[in-house]
Amino acid sequence: MPKMNVEKKEKKAEKRKKLKQRVAQKGELESETESKKKKQNLQATKEEEELTAEERRKLERKLKKERKKKEKQLMREAGISTKKVEPKKQSGSELALAYLTSWSENPEEWKFQKTRQTWLLLHMYDKEKVPDKYFTILLDYLQGLQGGARDITVQKAEAFMKEFDGSGAEDPNLLEKCERIRQVLQLLS
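Note that this is a predicted model, so its numbers are computed, not measured.

Turning our eyes to something else, we now look at the overall build of the protein chain. Secondary structure assignment for the protein chain yields 7 helices and 0 strands. Mapped from its N terminus to its C terminus, the protein chain presents α and β elements in the order α-α-α-α-α-α-α. Among the 189 residues that make up the protein chain, the fraction classed as buried is 19%. For the protein chain, the share of sequence-separated contacts (at least 6 apart) that also reach a separation of at least 24 residues comes to 61%. Accessible surface, the protein chain: about 15600 Å² in total, of which carbon and sulfur atoms supply 52%.

What follows concerns the environment of leucine 188. Summarising the element assignment, leucine 188 is placed in helix α7 (residues 172-188). The class of leucine 188 is buried, set by a relative accessible area of 7%. Setting aside chain neighbours within four positions, we find leucine 188 in contact with Leu142, Arg150, Thr153 and Val154.

This part takes up the packing of helix α5 (residues 132-143) against α7. Two numbers describe how α5 lies on α7: the axes approach to 10 Å, and their chain directions differ by 20°. As far as their axial angle goes, α7 and α5 are roughly parallel. The two elements α5 and α7 meet at a crossing, and its hand is right-handed. Side by side, α5 and α7 meet where Asp132, Phe135, Leu139, Leu142 and Gln143 of the first sit next to Arg180, Gln183, Val184, Leu187 and Leu188 of the second. Broken down by class, the residue content of the contact of α5 with α7 amounts to 6 nonpolar, 2 polar and 2 charged.

With 26 residues, helix α2 (residues 53-78) ought to run about 38 Å at 1.5 Å a step, and its terminal C-alpha atoms sit 38 Å apart, in line with that. Backbone geometry just after α2 places glycine 79 at a positive phi near 85°.

Bringing the pattern of salt bridges into the picture now. Applying the stated criterion to the full structure yields 5 salt bridges. Its salt-bridge partner being lysine 127, residue glutamate 176 comes within 3.5 Å of it at the nearest N-O pair. Of this pair, glutamate 176 sits in helix α7 while lysine 127 sits in the loop between α4 (114-123) and α5; the two residues are 49 residues apart in sequence, bridging distant segments of the chain. For glutamate 176, a relative accessible area of 33% translates into the label partly exposed. Two residues, glutamate 179 and arginine 182, come together in a salt bridge whose shortest N-O distance is 4.0 Å. Of the two residues, glutamate 179 and arginine 182 are both situated in helix α7; the distance of 3 residues between them amounts to about one turn of the helix. Among the charged side chains, a salt-bridge network with shared partners connects Lys127, Asp132, Glu176 and Arg180.

Two numbers describe how helix α3 (residues 92-105) lies on α4: the axes approach to 9 Å, and their chain directions differ by 105°. With respect to their mutual orientation, α3 and α4 come out roughly perpendicular. Contacts from Gly92, Ser93, Leu95, Ala96, Leu97, Tyr99 and Leu100 of α3 reach α4 at Arg116, Gln117, Trp119 and Leu120. Of the residues assigned to the contact of α3 with α4, the class counts are 7 nonpolar, 3 polar and 1 charged.

The tally for this structure, following the rule as stated, stands at 5 aromatic pairs. Here the aromatic rings of tryptophan 103 and tyrosine 141 are separated by 5.3 Å at their centres, their planes lie at 85°, and the arrangement is edge-to-face. With tryptophan 103 in helix α3 and tyrosine 141 in helix α5, this pair connects stretches of sequence that are 38 residues apart. Looking at tryptophan 103, the relative accessible area reads 24%, which means it is partly exposed. Exposure remark for tyrosine 141: the relative accessible area of 6% places this residue in the buried category.

Analysis parameters
Residue numbers here run from 1 along each chain, matching the order of that chain's written sequence. Since the coordinates come from a predicted model, pLDDT governs what is reported: local features require at least 70, and pairs of side-chain atoms require 80 or more to be given and counted, while whole-chain, interface and lining totals use all residues. To obtain the side-chain values, all non-hydrogen atoms of the structure were included, while hydrogens and water were left out. Each helix is a run of H or I in the DSSP string that is no shorter than four residues. Each strand is a run of E no shorter than two, and both are numbered from the N terminus. Throughout this description, buried means an accessible area under 20% of the type-specific maximum (1.4 Å probe, protein chains only), exposed means over 50%, and partly exposed covers the range between. Whether two residues are in contact is decided by their heavy atoms, any of which lying within 4.5 Å being enough. The protein chains shown are the only cover counted for residues, whose accessible areas, like all others here, come from Shrake-Rupley with a 1.4 Å probe. To obtain an axis, a line is fitted to C-alpha atoms, over the contacting stretch when the element is a helix, and the angle between two such axes runs from 0 to 180 degrees between their N-to-C directions. Here roughly perpendicular refers to angles of 65 to 115 degrees, roughly parallel to angles under 35, roughly antiparallel to angles over 145, and oblique to all remaining angles. Rotating anticlockwise by less than a right angle from the far helix to the near helix defines a left-handed crossing, while the corresponding clockwise rotation defines a right-handed one. Gly falls in the polar group here, along with every residue not listed as nonpolar (Ala, Val, Leu, Ile, Met, Phe, Trp, Tyr, Cys, Pro) or charged (Asp, Glu, Lys, Arg). For a helix, the expected span equals 1.5 Å multiplied by the number of residues minus one. When a carboxyl oxygen of Asp or Glu lies within 4 Å of a side-chain nitrogen of Lys or Arg, that pair is called a salt bridge. Geometry of aromatic contacts follows a simple scheme: Phe, Tyr and Trp rings, the Trp one being its six-membered ring, pair when their centres are within 6.5 Å, and the pair is stacked under 30 degrees between planes, edge-to-face over 60, tilted otherwise.

Bear in mind that shape data such as this cannot, by itself, settle questions of function.
Structure (structure tokens):
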């Protein structure tokens with residue numbers, strides 16, 4: 001195992017060395033070709049004066065595209081990945097809790113989202129998914145609950161209470177869930 005790690009490190013070191021050499025060579029080539037570029041730039045400026053704004057934009061885009069292509073090719077040769085890393089998407093719980101926080105802190109910018117409300121109503125009794133800090137905000141949110149969502153929430157809460165009253169368990173998580181159900185029923189009934 002250690003031998004393979006050493007080999008990998010050596011390969012990485014070689015790649016870095018090659019990349020540094022290429023970058024150095026590129027720098028030397030650029031310094032040699034600077035005088036040529038200046039001449040080309042003078043010619044290009046004369047030609048650009050004759051170009052319309054639209055033609056100039058097209059030319060700039062084309063040159064930019066060529067530069068990016070060369071950069072990617074150098075990166076590929078050096079063995080460096082050019083793929084972009086996509087940012088991690090937020091989970092449903094994070095989005096729902098952010099929605100709830102937005103409702104309480106920025107009511108002017110807050111916008112109703114059915115999926116977030118549904119998630120909150122389904123998971124509001126779970127202390128792990130909706131911590132106490134957010135549950136107090138959720139209770140305030142539930143005061144404004146209207147229509148079918150309010151009726152269904154009350155029905156589900158009553159069904160949960162009947163289920164827990166019949167079981168008579170002493171589990172602390174279950175007791176916390178029962179307390180939350182009682183609070184919701186008192187608020188909505």
